[in-house]
Amino acid sequence: MLSLKTIKDFTFILLGTAIFGFTVIFFNIPNDLAEGGITGITLIARSLFGINPAITTLLFNIPLILIGRKHLGIRSFYYTILGTFGLSFWLAFWQSVPIKIDLNHDLLIASLLGGLIAGFGVGLVYKVGGTTGGSDIVARIVEKYFGVSVGRSLFVFDVIVLTASLTYISLVQMMYTLIYAYVFSKVIDSIIDGGYSAKGIYVLSNRNTEIAPVLMTELQRGVTYLDGEGAYSRQEKKMIFMVLTPQEVPEAKRIIHEFDPSAFISIINVHEALGEGFGHFQPEKRLFKRTKKQRP
């Protein structure tokens, strides 16, 4: 019996492939925009040989699905099968629906809107650990073993296939397709990262034990001490690490510099922050903060 989570994952995969298939049929094909990966190859086959993309999607994906079984595990394997067959089904389904989206032949709008919608759909699939087959499988393998984001890998694959797509599209159409592919990859990364974006702060100061309590009190954020040692001085020091919203960073810097103007602060991007204080766990901020005392 399928668990509730598995049913939810299947729903997201089918919904995501429906959205992606919709974009291919109603944005890519009518506006002569190519695609990346296996989907791009199916569009090449459609243009040059008149083969239905719903059929070639299955035929081209069979060997890659077998590769995915070896490298991604049994769960991802079944999710990939669902994504691949789901995409093939929706490509066939949308071709039977009499819909026409009139964009006044504006390729820029088509590329931007198409990339946004397709990226959202594929992002839903990736979010639950699935793929739509094709280069998606390779991209996930690259992410797993080399740490390169799925969106970035797909963008590289897209460029390769788009070069081959010059056999049936013009250079102008290819440039608009690159815009589509760029938006597509960025939206995917945004969907996968999800959560609550934040900033991480490292603080090196001789007054960290005085700074930390004030940061916790005035920003209502947790602070972690990290043990460190100066490579030159060989002196042991406590380093502060904390995660903040981007809006809280200026206030944190002000507090730190009030205590120690020469404090070393390193700020990094935190792509996802979940738990107490972030996302659904965001605490209610006090309307009025206590009056700040003059720092010594």
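Okay, so let's go over this structure. Note that the structure is a prediction, hence the values are computed from the model and not measured.

1. So, the pattern of salt bridges
- Applying the stated rule across the entire model yields nine salt bridges.
- Between Asp 9 and Lys 5 there is a salt bridge whose closest N-O contact spans 2.9 Å. Here the residue Asp 9 and the residue Lys 5 both occupy positions in helix α1 (residues 4-28), the gap between them amounting to four residues, near one helical turn.
- Counted as one network, the salt bridges with shared partners bring together Glu 218, Glu 251, Arg 254 and Glu 258.

2. Some thoughts on a nonpolar patch on the surface
- Taken together, the side chains of Ile 41, Leu 48, Phe 49, Ile 51, Ile 55, Leu 59, Phe 60, Ile 62 and Leu 66 make up a nonpolar region of the molecular surface, amounting to roughly 860 Å² of accessible area.
- Counting residues per element, the ones that place at least two in the nonpolar patch are α2 (37-49) and α3 (53-95).
- Among the elements that make up the nonpolar patch, the one with the highest residue count is α3 (five residues).
- Its location among the elements puts Leu 66 in helix α3.
- Assessed through its relative accessible area of 57%, Leu 66 is described here as exposed.

3. Things to note about the pairing of strand β2 (residues 224-229)
- Two strands pair when backbone bridges link them, and β2 and strand β3 (residues 236-244) are joined in this way by six bridges, in the antiparallel orientation. For Gly 228, the partnering residue across the bridge sits in β3 and is Lys 237.
- The turn linking β2 back onto β3 is made up of six residues, and Arg 234 within it adopts a positive phi angle of 60 degrees.

4. Quick word on the environment of Leu 112
- The topology assignment puts Leu 112 in helix α4 (residues 107-127).
- Spatially, the C-alpha atoms of Leu 112 and Thr 177 are 9.2 Å apart, while their sequence positions differ by 65 residues.

5. Some points on unusual backbone geometry
- The backbone of Asp 32 sits at a positive phi, close to 55 degrees, despite the residue not being glycine.
- In this structure, Asp 32 sits in the loop between α1 and α2.
- Although it is not a glycine, Gln 220 sits at a positive phi angle of roughly 55 degrees.
- In this structure Gln 220 comes out as partly exposed when scored by relative accessible area, which is 28%.

6. Overview of the side chain of Thr 39
- Tracing the backbone through its elements, the reader meets Thr 39 in helix α2.
- Other than its neighbours up to four places away in sequence, Thr 39 contacts Phe 20, Val 24 and Leu 87.

7. Structural notes on the packing of aromatic side chains
- Inspection of the entire model under this criterion finds 14 aromatic pairs.
- Ring centres of Phe 77 and Tyr 78 lie 5.6 Å apart, and the angle between their planes is 50 degrees; on these two criteria the pair is classed as tilted.
- Taken together, the ring pairs connect Phe 22, Phe 26, Phe 27, Phe 89, Trp 90, Phe 93 and Trp 94 into an aromatic cluster.
- The ring centre of Tyr 225 lies 5.5 Å from the NZ or CZ of Lys 238, which sits over that ring.

8. Comments concerning the packing of α1 against α4
- In the contact formed by α1 and α4, the axes pass within 7 Å of each other and the chain directions differ by 160 degrees. With respect to each other, α1 and α4 are oriented roughly antiparallel. Crossing of α1 over α4 shows left-handed handedness. Contacts between α1 and α4 involve Phe 12, Ile 13, Leu 15, Gly 16, Thr 17, Ile 19, Phe 20, Thr 23 and Phe 27 on the former and, on the latter, Ala 110, Leu 113, Gly 114, Ile 117, Ala 118, Phe 120, Gly 121, Val 122, Leu 124 and Val 125.
- Across the contact of α1 with α4, the residue classes tally to 14 nonpolar, five polar and no charged.

9. Section: helix α6 (residues 150-164)
- Counted at 1.5 Å a residue, the expected span for α6 with its 15 residues is 21 Å, and the 22 Å between its end C-alpha atoms agrees.
- Regarding α6, the residues found buried are Val 150, Gly 151, Ser 153, Leu 154, Asp 158, Val 161 and Leu 162.

10. Quick look at the nonpolar core
- If you look at the biggest cluster of nonpolar residues, it comprises 28 residues, and the most contacted ones within it are Phe 20, Phe 26, Trp 94, Leu 154, Phe 184 and Ile 188.
- Counting residues per element, the ones that place at least two in this core are α1, α3, α4, α6 and α7 (171-193).
- Residue contributions to this core peak at seven residues, all from α1.
- Beyond its immediate chain neighbours, meaning those up to four positions away, Ile 188 contacts Gly 119, Val 122, Gly 123, Tyr 126, Val 150, Gly 151 and Leu 154.
- In this structure, Ile 211, Val 223, Ile 240 and Val 249 belong to the second largest nonpolar core, which totals 17 residues.

Basis of the calculations
- Residues numbered from 1 in each chain as written.
- Predicted model: local features only at pLDDT ≥ 70, side-chain atom pairs only at ≥ 80, totals over all residues.
- Heavy atoms only, no water.
- Salt bridge = Lys/Arg side-chain N within 4 Å of Asp/Glu carboxyl O.
- Helix = DSSP H or I, 4+ residues; strand = E, 2+ residues; numbered from the N terminus.
- Patch = residues over 30% accessible without salt bridge, like charges linked within 9 Å, V, L, I, M, F, W, Y side chains within 5 Å.
- Areas by Shrake-Rupley, 256 points an atom, 1.4 Å probe, with all protein chains shown as cover.
- Buried < 20%, exposed > 50% of the residue type's maximum accessible area, 1.4 Å probe, protein only.
- Pairing = 2+ DSSP bridges.
- Contact = heavy atoms within 4.5 Å.
- Phe/Tyr/Trp six-rings, centres within 6.5 Å; stacked < 30°, edge-to-face > 60°.
- Lys NZ or Arg CZ within 6 Å of the ring centre and 35° of its normal.
- Axes fitted to C-alpha atoms, helices over the stretch in contact; angles between N-to-C directions.
- Parallel < 35°, antiparallel > 145°, perpendicular 65-115°, else oblique.
- Left-handed = near helix turned anticlockwise from the far one by under 90°.
- Nonpolar A, V, L, I, M, F, W, Y, C, P; charged D, E, K, R; others polar.
- Expected span 1.5 Å × (residues − 1).
- Core = buried A, V, L, I, M, F, W, Y, C linked by side-chain atoms within 4.5 Å.

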